[in-house]
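Chain by chain, the residues:
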Amino acid sequence: MDVQEQFADYESAALDAVRNAESAEALEQVRIEFLGKKKGRLKDLQSLLGKASPEERPELGKRFNEVKQRVEQAWGERKDGLERPPESVEGIDITLPGNPLVIGTRHPLTQTMDEFRLIMGRLGFAVADGPEIEDEFHNFEALNIPHDHPARDPLDNFYLETAQRFSGKPLLLRSQTSTVQIRVMEQTRPPVRIVSLGRVYRPDAVDATHSCMFHQMEGLMVDDSVTMADLKTVLRLFATAYLGDDVHVRFRPSFFPFTEPSVEVDMRWKDDWLEIGGAGMVDPNVLSAVGYDPEQYTGFAFGLGIERFCMRRHGIDDIRRLFDNDVRFLRQF
Ligand code: DAH
């Protein structure tokens, strides 16, 4: 083997050894064997230079330095690679698929409300909104709830003292979405066909079926000749669309100050009657309060509890689950 061949032999053996060193210790052994200053294979090559003729020597010396440099460089890079923590960018195969992103889900109540809006939209109802902080006119008076009515008891409502000091009139967190009926009728003339979905507040003791904050869907339809049959039809179509079966609707006589007659509404679903809210024909006093002529117009209104539907649909046994915001629960929807 001539000197050139021995150089090439050394280089390929050294590069192989570097590449195959799997640990810092193994790499150190490679250094001692191939790059050792005192003895080792580099030393042997160097001694070949001494034996070369003076004409050959410059060329071989250059070659020797090149080979040495390449092996040293490969050794240094391998050392860096072994020392770097595995999660470093160069340790990652960017062609592999990444971990799937954990994407959040909409809250089950949000999903329920979105679906309600869609269903009612298909039935021709627009969506209206109203404030959660209300005055007594919209929460009570215009809804025909007189001053001495028990529903106005401060102990049954969240009155806001500080807000009241600034506004100069009593303000409270709305106790029902019926407030939006008034706000809509104040702004528009019949025909009216709206739903309004949102939060209401009552200082109820919290348990599996009660929360001091919950959601309602209010519905209102006012026109020349709206009847109770329209009310029942709309509620039945709505329930059938949401629950997916042919749902039957039952009215039980009841009383609400803002409707006459008034009914409690039940739905027959999975061999059970589910109480879902109140409804009735808009009281003439309410129509008058917003400047509608009760001789010309009639209307129906309803207010449904949204949590109830959501809980029934998903088999949720405790309303508090909806507000604990435990992601282990929420992720299931
Ligand atoms: N606002 C009533 C409540 O919160 C529910 C209700 C009953 C709404 C009858 C209506 C209605 O629009 O007509 O208990």
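Residues numbered from 1 in each chain as written. Predicted model: local features only at pLDDT ≥ 70, side-chain atom pairs only at ≥ 80, totals over all residues. Heavy atoms only, no water.

Draft legend 1. Inspection of helix α1 (residues 3–20) at higher detail. With 18 residues, α1 extends 26 Å between its outermost C-alpha atoms, agreeing within 8% with the 26 Å of an ideal straight helix rising 1.5 Å per residue. Those residues of α1 that fall on the buried side of the exposure criterion are F7, Y10, E11, A14 and V18. The arc enclosing the buried residues of α1, seen along the axis, measures out at 100°, which places them on a common side. For α1, the exposed residues set more than 90 degrees away from the buried face come down to R19 and N20. On the buried face of α1, the contacting elements are α2 (24–35), α3 (41–51) and α4 (57–83). Residue D2 occupies the N-cap position of α1, its side-chain oxygen lying 3.2 Å from the main-chain nitrogen of Q4. (Helix = DSSP H or I, 4+ residues; strand = E, 2+ residues; numbered from the N terminus. Expected span 1.5 Å × (residues − 1). Buried < 20%, exposed > 50% of the residue type's maximum accessible area, 1.4 Å probe, protein only. Arc of directions from axis to C-beta. Contact = heavy atoms within 4.5 Å. Polar contact = N/O pair within 3.5 Å; in protein donor to acceptor, adjacent residues only side chain to side chain.)

Draft legend 2. Local environment of unusual backbone geometry. With omega at 0°, the peptide bond leading from P190 into P191 counts as cis. Take P191: it is sitting in the loop between α8 (179–187) and β4 (192–201). Cis geometry is found at the peptide bond from E260 to P261, where omega equals -5°. Among the structural elements, P261 can be located in strand β7 (residues 259–269). Residues other than glycine seldom take positive phi values, yet N144 does so here, at roughly 70°. Looking at the element boundaries, N144 is found in the loop between α6 (136–139) and α7 (161–167). Residue classification places N144 among the partly exposed residues on the basis of a relative accessible area of 24%. Unlike most non-glycine residues, N325 shows phi in positive territory, near 60°. The residue N325 is located in the loop between α12 (321–324) and α13 (327–330) in this model.

Draft legend 3. Quick look at the side chain of S262. Note on placement: S262 falls in strand β7. A polar atom in the side chain of S262 sits 3.0 Å from the backbone nitrogen of F256. Once you skip the residues sitting within four places of it in the chain, S262 turns out to touch R252, P253, S254, F255, F256, A279 and G280.

Draft legend 4. Structural context of the packing of α2 against α4. Across the interface, α2 lies against α4 with an axial gap of 10 Å and an inter-helix angle of 170°. Between α2 and α4, the crossing angle belongs to the class labelled roughly antiparallel. Of the residues in α4, those in contact with A24, L27, E28, V30, R31 and L35 of α2 are V71, E72, W75, R78, K79 and L82. Looking at the contact of α2 with α4 residue by residue, the classes come out as seven nonpolar, no polar and five charged. (Axes fitted to C-alpha atoms, helices over the stretch in contact; angles between N-to-C directions. Parallel < 35°, antiparallel > 145°, perpendicular 65-115°, else oblique. Nonpolar A, V, L, I, M, F, W, Y, C, P; charged D, E, K, R; others polar.)

Draft legend 5. Representation of the packing of aromatic side chains in the model. If you walk through the whole model with that rule in mind, you get 11 aromatic pairs. Aromatic pair F116 and Y242: ring centres 5.0 Å apart, planes at 90°, arrangement edge-to-face. Here the residue F116 occupies a position in helix α5 (residues 108–122), and Y242 occupies one in helix α9 (residues 228–243), the gap between them amounting to 126 residues. Note on Y242: relative accessible area 2%, which makes it buried. Ring centres of Y292 and Y297 lie 5.9 Å apart, and the angle between their planes is 55°; this geometry places the pair in the tilted category. Since its relative accessible area comes to 2%, Y292 is described here as buried. Owing to a relative accessible area of 13%, Y297 belongs among the buried residues under this scheme. Here the guanidinium or amino end of R193 rests over the ring plane of F125, the centre of that ring lying 6.0 Å away. (Phe/Tyr/Trp six-rings, centres within 6.5 Å; stacked < 30°, edge-to-face > 60°. Lys NZ or Arg CZ within 6 Å of the ring centre and 35° of its normal.)

Draft legend 6. Looking closely at the nonpolar core. Counting 40 residues, the largest nonpolar core has M217, F300 and F302 as the members making the most contacts within it. Of all the elements, α9 adds the most residues to this core, at seven residues. Excluding its chain neighbours within four sequence positions, the residues that come into contact with F300 are F125, G219, L220, M221, V226, T227, D230, L231, V234, G280, M281 and V282. Core analysis: the second largest hydrophobic core is formed by 22 residues, L172, M185, F258 and A301 among them. (Core = buried A, V, L, I, M, F, W, Y, C linked by side-chain atoms within 4.5 Å.)

Draft legend 7. Fine view of the packing of α3 against α4. Axis separation between α3 and α4 bottoms out at 10 Å; the angle between their running directions is 170°. Here α3 lies roughly antiparallel to α4, going by the angle between them. With respect to the hand of their crossing, α3 and α4 are arranged in left-handed fashion. Counting all contacts with α3, which are made through L42, L45, Q46, L49 and G50, the residues of α4 involved are R57, L60, G61, F64 and K68. Of the residues in the contact of α3 with α4, the class split is five nonpolar, three polar and two charged. (Left-handed = near helix turned anticlockwise from the far one by under 90°.)

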